[in-house]
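This is what each chain is made of:
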Amino acid sequence: MQRLSVLQVLPELNSGGVERGTLEIGAALVAGDHTSTVLSNGGRLVGQLEAEGSRHITLPVHRKSLGSLRLVPRLRRLLQDGYDIVHVRSRLPAWLIYLAWRGLPPATRPRLVSTVHGLYSVNAYSAVMTRGERVIAISACVRNYILENYPRTDPERIRLIHRGVDPQEFLRGYEPPIEWRDNFYEENPELENKVLLALPGRITRWKGQETFLRLIAQLNCDGETPVHGLLIGGAERKQQRFLRELKALAEGLGISDELTFLGHRADMREVLSQCRVTYNLSTHPEPFGRTMIEALSLGIPVVAWNYGGAAESVAELFPLGLVPPQNEGALAETTRTVLREPEVLPKPNTFLRATMQRATLAVYEELAASPR
């Protein structure tokens with residue numbers, strides 16, 4: 001097997017699915033005795049990346065400014081530093097890398113891989129994500145989006161590689177340590193002995209928090225099974241107004257005492273393990289939805305709108321949880337069904353991190369060995 005030198009490029013290394021996927025591939029490269037380098041503007045995950053054996057290069061490839069074009073000559077020199085593969089994961093850095101890459105002699109430049117992580121707006125700016133010599137789609141939903149909206153993309157260049165989680169980390173039936181439980185319920189005493197329903201996701205209008213609040217109100221109005229809602233995710237500065245709107249809505253619905261805003265959490269596994277049901281209620285299709293897989297891997301039912309990535313993962317592992325999009329009546333009825341039948345649980349998880357890692361490295365190896 002050829003020993004590869006791979007450069008992954010993304011805006012920053014703070015949090016999110018793109019960032020976590022980058023670290024997971026970096027770790028797999030190191031484990032396979034390849035050389036792993038990541039280029040970004042930095043962030044709180046750099047320490048973990050480097051501790052796991054990858055090298056990090058810091059450049060402001062995140063800055064949405066015409067001034068960023070000044071980085072292109074520097075990036076062109078960087079691409080001549082012995083890399084076999086350059087893998088772009090976001091649109092702005094992808095453009096900077098692409099402009100640098102196409103200016104190099106084809107015989108000497110690294111092979112170009114892109115991952116389409118989202119259902120981006122359809123325009124020339126987004127089209128750069130389809131210009132890789134291999135284009136990785138993180139779900140069938142994303143692959144179909146590419147083929148439908150960028151018909152010039154050769155289907156032979158697209159590789160479908162679902163995201164995945166480690167079943168040993170998100171172990172079915174996982175129980176957190178007693179110390180964690182004691183601290184969690186001491187910090188949130190209103191949650192103890194409650195039926196917890198969770199909506200993970202940062203506070204933003206398209207994540208479906210308003211629908212979730214109406215669901216909590218409807219279920220508690222029924223009185224069949226009193227529930228407590230958890231909103232798990234932080235609110236950036238520009239979302240503070242929306243956060244206030246959500247709190248006002250909760251008060252108007254009379255559920256302020258049945259709702260907890262947990263904010264950003266680094267212990268998602270532990271929090272999800274305490275929940276009876278997890279939701280994905282985004283107002284438009286999400287490309288994959290990693291938290292759905294994390295919950296399903298733990299054995300926690302997921303209820304989600306039947307589109308986007310949910311139509312693949314939830315359909316395979318917990319089809320009972322799929323609901324016609326935006327049908328709040330069906331959402332409440334599906335939740336009641338799940339709560340009435342605690343023995344009905346997701347199937348064992350088939351969306352595995354190791355599978356994603358092997359498939360991605362196989363793309364690198366196949367492309368590096370193919371004719372230019």
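Here's what I pulled together on the structure shown here. Fair warning: this is a prediction, and the values are worked out from it, not measured in the lab.

Each helix and strand in the protein was counted, giving 14 helices and 13 strands. Against the 2.2 N^0.38 benchmark of 21 Å for 372 residues, the protein shows a C-alpha radius of gyration of 22 Å, consistent with a compact globule. By its C-alpha atoms, the protein is 70 × 40 × 35 Å across when sized along the principal axes. Split into buried and exposed, the 372 residues of the protein put 54% on the buried side. In the protein, 69% of the contacts between residues at least 6 apart in sequence involve partners at least 24 apart. A total accessible area of about 16,500 Å² is found for the protein, and carbon and sulfur atoms account for 50% of it. Side-chain charges in the protein split into 44 positive and 41 negative, and the spacing between the mean points of these groups amounts to 11 Å.

The tally for this structure, following the rule as stated, stands at 17 salt bridges. When the shortest N-O distance is used, the salt bridge between arginine 159 and glutamate 366 registers 3.6 Å. Of this pair, arginine 159 sits in strand S7 (residues 158-160) while glutamate 366 sits in helix H14 (residues 353-369), placing them 207 residues apart in sequence. You can call arginine 159 partly exposed: its relative accessible area is 23%. When its relative accessible area of 32% is taken as the criterion, glutamate 366 is described as partly exposed.

Considering the arrangement of structural elements, one finds serine 139 in the loop between strand S6 (134-137) and helix H6 (140-149). Residue classification places serine 139 among the buried positions, given a relative accessible area of 0%. Of the polar contacts made by the side chain of serine 139, one reaches the backbone oxygen of proline 287; its length is 2.6 Å. Beyond its immediate sequence surroundings of up to four residues, serine 139 is in contact with Leu160, His162, Pro287, Phe288 and Glu312.

Our next topic: the nonpolar core. In terms of nonpolar packing, the biggest core is built from 95 residues, with Leu39, Phe212 and Tyr279 touching the most fellow members. Filtering out sequence-adjacent residues up to four positions away, tyrosine 279 remains in contact with Leu197, Ala198, Leu199, Pro200, Phe212, Leu215, Val303, Leu331 and Thr335. The next biggest cluster of nonpolar side chains, apart from the first, holds 14 residues, and it includes Val6, Ala28, Met356 and Tyr364.

A word on the environment of glutamine 209. Summarising the element assignment, glutamine 209 is placed in helix H8 (residues 209-222). Apart from residues no more than four positions distant in its own chain, glutamine 209 is found in contact with Leu199, Gly201, Arg202, Ile203, Thr204, Leu231, Phe242 and Leu246. There is a polar contact of 3.0 Å between the side chain of glutamine 209 and the backbone oxygen of arginine 202.

Here we come to unusual backbone geometry. Here aspartate 33, not a glycine, exhibits a phi torsion of approximately 65°, which is positive. Located in the positive-phi region is asparagine 193, a residue other than glycine, with phi close to 60°. Locating asparagine 193 in the fold gives a position in the loop between helix H7 (178-187) and strand S8 (195-200).

Of the voids in this model, the second largest pocket is the one considered here, and its volume is about 250 Å³. Considered class by class, the residues forming the lining of the second largest pocket number six nonpolar, four polar and four charged.

Turning to the sheet that holds strand S9 (residues 227-232), a few remarks are in order. Note: strands within a sheet are paired through backbone hydrogen bonds, in either parallel or antiparallel orientation. One open sheet accounts for six strands, arranged S10-S9-S8-S11-S12-S13; its pairing is parallel. Across the chains shown, the open sheet's two edge strands, defined by having one partner strand only, are strand S10 (259-263) and strand S13 (322-323). The pairing of strand S11 (residues 277-280) with strand S12 (residues 302-305) spans three bridges and is classified as parallel. The residue bridging threonine 278 from the neighbouring strand is valine 302, located in S12.

Turning our attention to the pairing of S9. Burial runs high along S9: six of the six residues are buried. Where S8 meets S9, six bridges bridge the pair, whose relative direction is parallel. Looking at S9, one finds that leucine 199 is bridged to leucine 231. By the bridge criterion, four bridges tie S9 to S10 in an arrangement that is parallel. Bridge pairing in S10 links isoleucine 232 to glycine 263. The β-α-β motif built from S9, the intervening helix H9 (residues 240-253) and the parallel element S10 has right-handed crossover chirality.

This part takes up H9. End to end, H9 covers 20 Å across 14 residues, agreeing with the expected 20 Å (1.5 Å per residue, within 8%). Buried residues of H9: Phe242, Leu243, Leu246 and Ala250, and no others. For H9, the arc enclosing every buried residue in end-on projection is 105°, short of the 170-degree limit, so these residues lie on one face. Along H9, exposed side chains directed more than 90 degrees from the buried face belong to Arg241, Arg244, Glu251 and Gly252. Tucked into the core, H9 has its buried residues touching H8 and S10. Phi turns positive one or two residues past the end of H9, at glycine 254, with a value near 75°.

Take empty space enclosed by the protein next. Enumeration over the complete set of coordinates arrives at three cavities of 30 Å³ or more. Estimates place the volume of the largest cavity at around 50 Å³. Every residue lining the largest cavity is listed: Leu219, Asp222, Glu224, Thr225, Arg336 and Leu339. At the level of elements, H8 and helix H13 (328-340) are the ones that each hand at least two residues to the lining of the largest cavity. A per-class count over the lining of the largest cavity returns two nonpolar, one polar and three charged.

What counts, and at which threshold
Residues numbered from 1 in each chain as written. Predicted model: local features only at pLDDT ≥ 70, side-chain atom pairs only at ≥ 80, totals over all residues. Heavy atoms only, no water. Helix = DSSP H or I, 4+ residues; strand = E, 2+ residues; numbered from the N terminus. Rg over C-alpha atoms; globule rule 2.2 N^0.38 Å. Buried < 20%, exposed > 50% of the residue type's maximum accessible area, 1.4 Å probe, protein only. Contact = heavy atoms within 4.5 Å. Areas by Shrake-Rupley, 256 points an atom, 1.4 Å probe, with all protein chains shown as cover. Lys, Arg positive; Asp, Glu negative; His and termini not counted. Charge placed at Lys NZ, Arg CZ, Asp CG, Glu CD. Salt bridge = Lys/Arg side-chain N within 4 Å of Asp/Glu carboxyl O. Polar contact = N/O pair within 3.5 Å; in protein donor to acceptor, adjacent residues only side chain to side chain. Core = buried A, V, L, I, M, F, W, Y, C linked by side-chain atoms within 4.5 Å. 1 Å grid on protein atoms, 1.4 Å probe; cavity = no way out; pocket = protein on both sides within 12 Å on 5 of 7 lines; lining within 4 Å. Points joined across faces, edges and corners; volume = space filled by probe spheres on them. Nonpolar A, V, L, I, M, F, W, Y, C, P; charged D, E, K, R; others polar. Pairing = 2+ DSSP bridges. Right-handed = clockwise from strand over helix to strand, strands pointing away. Expected span 1.5 Å × (residues − 1). Arc of directions from axis to C-beta.

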